[in-house]
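So you can see what is in the structure, the chains are spelled out below.
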Amino acid sequence: MIPEGKVLINTINAHSYNVAQKDAAFAEALTMGDYLLPDGASIVKACRWLKGRTLPKERIAGWDFFAFEMARLSENSNRHPCVMFMGSSELVLAKIRERAAKDYPNIEVVTFSPPFKSEFTDEDNTAIINAINQVNPDLLWIGMTAPKQEKWTWQHWKELDIHCHVGTIGAVFDFYAGTAKRAPLWMQRHSQEWLYRLAKEPKRMWRRYIIGNPLFIFRIVKEKMK
């Protein structure tokens, strides 16, 4: 059970592992968080093969993490808790508010759509931080795609004057809004979500999976041989 209070929870899959090998700021953001969830069967298998100190028992998808936290807050609170979604477009956030009102009627949902930029200005960062601190939510979701969301959250972690679980969950915003679809359940159960995403968006995803998956295996084998 994750303790109460200000807790940073990130996820990692084969792609983010690859990115972290050449992006020191991203690697720091992942490793310095309080929890790093294995969002990929490849990560679970790699950890077991490498026999790390802490072996994950199973994959924890970002969606499952999201559903668990939302249910926990909804079912175990005697007050009117607040969840904040920071990231994505106003269109996606509007759909999130609409669905959450039906799924979790006792939860207040607040959203904030940051500017669509590769890098925020100091003024942008101040506005985002002030918006989060003013809401002071009971649960905060950050969704700006990896590695941007993890790097931003860690960079400004000390400036966030909040006392709740904070999760960087990227694509879950689109999944929950219905603007993107997860793979069929049978593909999820057989660790084939990557194949579904590749088939849906081959031009955008081919490098991540066709090149990235073998590269991940190579790096894990190299790590084993050290």
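What you see is a predicted model; the values in this text were computed from it and never measured.

Each value, and the rule that gives it
Residues numbered from 1 in each chain as written. Predicted model: local features only at pLDDT ≥ 70, side-chain atom pairs only at ≥ 80, totals over all residues. Heavy atoms only, no water. Helix = DSSP H or I, 4+ residues; strand = E, 2+ residues; numbered from the N terminus. Axes fitted to C-alpha atoms, helices over the stretch in contact; angles between N-to-C directions. Parallel < 35°, antiparallel > 145°, perpendicular 65-115°, else oblique. Left-handed = near helix turned anticlockwise from the far one by under 90°. Contact = heavy atoms within 4.5 Å. Buried < 20%, exposed > 50% of the residue type's maximum accessible area, 1.4 Å probe, protein only. Pairing = 2+ DSSP bridges. Right-handed = clockwise from strand over helix to strand, strands pointing away. Nonpolar A, V, L, I, M, F, W, Y, C, P; charged D, E, K, R; others polar. Expected span 1.5 Å × (residues − 1). Arc of directions from axis to C-beta.

(A) Inspection of unusual backbone geometry at higher detail. Put simply, Ala146 and Pro147 share a cis peptide bond, and its omega is 0°. Checked against the element boundaries, Pro147 lands in the loop between β5 (139-143) and α7 (148-155). Its identity is not glycine, yet Thr145 carries a phi of approximately 70°, on the positive side. Tracing the backbone through its elements, the reader meets Thr145 in the loop between β5 and α7. Phi at Ser191 takes a positive value of approximately 55°, unusual for a residue other than glycine. Position of Ser191 among the secondary structure elements: in the loop between α9 (185-189) and α10 (193-200).

(B) Spatial organisation of the packing of helix α2 (residues 24-32) against α7. Interaxial distance between α2 and α7 falls to 9 Å at its minimum, and their mutual angle equals 70°. By the criterion of interaxial angle, the relationship of α2 to α7 is roughly perpendicular. Crossing geometry of α2 relative to α7 is assigned as left-handed. Each of Ala25, Phe26, Glu28, Ala29, Leu30 and Met32 in α2 lies in contact with α7, whose residues at this interface are Glu150, Lys151 and Trp154.

(C) The arrangement of the pairing of strand β3 (residues 82-87) in detail. Most of β3 is tucked away: 6 of the 6 residues are buried. Note: β3 against strand β4 (residues 108-112), 5 bridges, orientation parallel. Residue Met86 lies in a different strand from β4, and its bridge partner there is Phe112. Each parallel crossover has a hand, and for β3 linked through helix α5 (residues 90-103) to β4 it is right-handed. In terms of strand pairing, β3 meets β5 through 5 bridges, oriented parallel. Paired with Met84 across the strands is Leu140, a residue of β5.

(D) Inspection of the side chain of Thr153 at higher detail. Its place among the elements puts Thr153 in helix α7. Ignoring anything within four residues of it in the chain, the contact list for Thr153 reads Leu8, Ile142, Val166 and Thr168.

(E) Focus on the packing of helix α1 (residues 14-22) against helix α11 (residues 202-224). Here α1 crosses α11 at 70°, and the two axes come no closer than 9 Å. Comparing the axis directions of α1 and α11 gives the class roughly perpendicular. In terms of crossing hand, the pair formed by α1 and α11 is left-handed. Residues Ala14, His15, Tyr17, Asn18 and Gln21 of α1 pack against Arg208, Gly212, Leu215, Phe216, Arg219 and Ile220 of α11. Of the residues assigned to the contact of α1 with α11, the class counts are 5 nonpolar, 4 polar and 2 charged.

(F) Seen up close, helix α6 (residues 122-135). The first and last C-alpha atoms of α6 sit 20 Å apart over 14 residues, in line with the 20 Å expected at 1.5 Å per residue. All of the buried residues in α6 are Asp124, Asn125, Ile128, Ile129, Ala131 and Ile132. Looking down the long axis of α6, one finds its buried residues gathered within 160° of arc, a one-sided arrangement. Exposed and facing more than 90 degrees away from the buried side of α6 are Asp122, Glu123 and Gln134. Contacts from the buried residues of α6 go to β3, β4, β5 and α7. Looking one or two residues beyond α6, the residue adopting positive phi is Asn136, at roughly 50°.

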